[in-house]
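One letter stands for each residue in the lines below.
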Amino acid sequence: MEFKEPQREIKTLQSLGKWSQSEAYKDLLGLILSVNDAVKSKSLSENPQSSTTILKLVELLDTVANWTEEYPPCEQPQRFGNKSFRDWHARLLKDSEKLILSLLPDEQKGAVIELKAYLHDAFGNSTRIDYGTGHEANFLFFICCLYKLKVLVESDNVTLAHVVLKRYLEVSRKLQTVYRMEPAGSQGVWGLDDFQFVPFIWGSSQLIGHQSITPAKFVDDKIIENYSSDYMFIKCIQYINQVKTGPFAEHSNVLWGISAVPHWTKVNQGLIKMYKVEVLSKFPVVQHFLFGNLMPMTPAQL
């Protein structure tokens, strides 16, 4: 395969139809659904042995997390959007090629031109100093490319969620906290979450069939205390409680509504539908997506 620098292709509302029928859309959704199936009814501690690529991905994430020590937040009058994030992000642009090449075999190293475009957008926007579900999707684009290059394979699905996504969330939350990043395109109380979406999908799949944690119980303090290290969904709730104040039903109304759903299977199916509508079909989010030869806008093969 030849590789090229990915470009914007969704420039008008009319492009959304082409996007929803594209190979890139099919691959991104396929990744989410296949990992969703792989982690069903599994806690974070239930892991097969991590492959070399999984370990290298964690090492990459550890490296970028450590840069926050080199670029501490600066003194500035405004409370949010610390400008030191721009220095952190400039380091990402500078070192991304070296980081990505460590993941690729010699015959695939040309793919770095496509992979780095997605890694650059995976941690937030350096101009606006914000982060949202579009940046999360860019990280998944990056991961999709590794599957298409066969650097990641189906047997990596569980550790991708339980090890790599877990570490990615920790790094993203660290950046959000250290640099006081704004939510990108947040709908506030009427959105699922200010920053993430996919860990709620995979996290609800983990909880399918759980004997103790029903959807009605995920906001209980005791459940959060006992299970946040075992289940992604509960960890997300714990993080929301750390960064928001007031009654949960007021600051996270959509999530609160989930507690009324009887079964995690129904929650999981509903979140997948919601992701398609609220993220993958929203022009303000997807207009920034980039398309190359690994994640193309060409029509998907049926």
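If you're wondering where the values come from, they're calculated on a predicted model, not measured in any experiment. (Residues numbered from 1 in each chain as written. Predicted model: local features only at pLDDT ≥ 70, side-chain atom pairs only at ≥ 80, totals over all residues. Heavy atoms only, no water.)

Topic: the packing of helix H5 (residues 112–120) against helix H6 (residues 133–148)
What counts here: Under this scheme, a helix contributes an axis fitted over its contacting stretch, all axes are lines through C-alpha atoms, and angles between N-to-C directions fall in the 0 to 180 degree range. Helix numbering and strand numbering both begin at the N terminus, where a helix is a DSSP run of H or I of at least 4 residues and a strand a DSSP run of E of at least 2. Any angle that falls under 35 degrees is termed roughly parallel, while one over 145 is termed roughly antiparallel, one within 65 to 115 roughly perpendicular, and all others oblique. Handedness of a helix crossing follows the sense of rotation of the near helix relative to the far helix, less than a right angle counterclockwise being left-handed and clockwise being right-handed. Residue contacts are counted whenever heavy atoms from the two residues lie within 4.5 Å of one another. Note on residue categories: nonpolar means Ala, Val, Leu, Ile, Met, Phe, Trp, Tyr, Cys or Pro, charged means Asp, Glu, Lys or Arg, and polar means any other residue, Gly included.
It is at 7 Å that the axes of H5 and H6 come closest, and there the two elements cross at 155 degrees. Taken as axis vectors, H5 and H6 run roughly antiparallel relative to one another. As for how H5 packs across H6, the hand of that crossing is left-handed. Across from Leu115, Tyr118 and Leu119 in H5, the residues of H6 making contact are Asn138, Phe141, Phe142, Cys145 and Leu146. Taken together, the residues of the contact of H5 with H6 sort by class into seven nonpolar, one polar and no charged.

Observations regarding the nonpolar core
Selection rule: Grouping buried Ala, Val, Leu, Ile, Met, Phe, Trp, Tyr and Cys residues that are joined through side-chain atoms within 4.5 Å yields what is termed a nonpolar core. Accessibility here uses a 1.4 Å probe with only protein chains present; expressed as a share of the type maximum, an area under 20% marks a residue as buried, one over 50% as exposed, and anything in between as partly exposed. Residue ranges for the domains originate in an automatic or database domain assignment.
Of all hydrophobic cores here, the largest spans 100 residues; its most connected members are Trp19, Phe123, Phe142 and Trp202. Among the elements that line this core, the one with the most residues is H6, at 10 residues. Each of two domains, domain 1 (20–186 + 283–291) and domain 2 (188–276), supplies a minimum of three residues to this core. In contact with Phe123, not counting residues within four places along its chain, are Leu61, Val64, Phe85, Trp88, Leu92, Tyr131, His135, Tyr168, Val171, Leu175 and Met181.

Structural notes on the pattern of salt bridges
The test is simple: Basic side-chain nitrogens of Lys or Arg form a salt bridge, by our definition, when they fall within 4 Å of a carboxyl oxygen of Asp or Glu.
Under the defined criterion, the tally for this structure stands at 14 salt bridges. One salt bridge connects Lys244 with Asp194, and the closest N-O pair in it is separated by 3.3 Å. Here the residue Lys244 occupies a position in the loop between helix H10 (232–243) and helix H11 (248–251), and Asp194 occupies one in the loop between strand E3 (182–183) and helix H8 (198–206), the gap between them amounting to 50 residues. Classification of Lys244 by relative accessible area gives partly exposed; the value is 22%. A residue is classified by how much of its surface remains accessible, and Asp194, at 16% relative accessible area, is buried.

Some remarks on the domain arrangement of the protein
Let me state the cut-off plainly: For any pair of parts, buried area is found by adding up, for both, the accessible area (1.4 Å probe) each one loses once the two are put together. We call two N or O atoms a polar contact when they sit within 3.5 Å, provided that within protein one can donate a hydrogen and the other can accept it, with sequence-adjacent residues counted only if both atoms are side-chain atoms.
The domains assigned to the protein are domain 1 (20–186 + 283–291) and domain 2 (188–276). When each unit is reduced to the centre of its C-alpha atoms, the spacing between domain 1 and domain 2 is 22 Å. With 32 residues of domain 1 in contact, the opposing surface of domain 2 contributes 23 residues. Taking both partners together, domain 1 and domain 2 bury about 2500 Å²; carbon and sulfur atoms supply 61% of that area. Contact with domain 2 buries surface across domain 1, with Asn36, Leu44 and Arg173 losing the most and accounting together for 22% of the total. One can count zero salt bridges joining domain 1 with domain 2. At the boundary of domain 1 with domain 2, the tally comes to 15 residue pairs in polar contact (both at pLDDT 80 or more). Looking at the side of domain 1 that touches domain 2 residue by residue, the class counts come to 17 nonpolar, 10 polar and five charged.

Focus: the packing of aromatic side chains
The test is simple: Planes of paired rings set the category: under 30 degrees apart is stacked, over 60 is edge-to-face and the rest tilted, where pairs are Phe, Tyr or Trp rings (Trp by its six-membered ring) whose centres lie within 6.5 Å. Lysine NZ or arginine CZ positioned within 6 Å of the ring centre and within 35 degrees of the ring normal marks a charge as sitting over the ring.
Scanning all chains against the criterion turns up 22 aromatic pairs. The structure contains a cluster of three or more aromatic residues connected by ring pairs, namely Trp67, Phe85, Trp88, Phe123, Phe139, Phe142, Tyr168 and Tyr179. Its guanidinium or amino end placed over the ring of Tyr239, Arg173 lies 4.9 Å from that ring's centre, counting from NZ or CZ.

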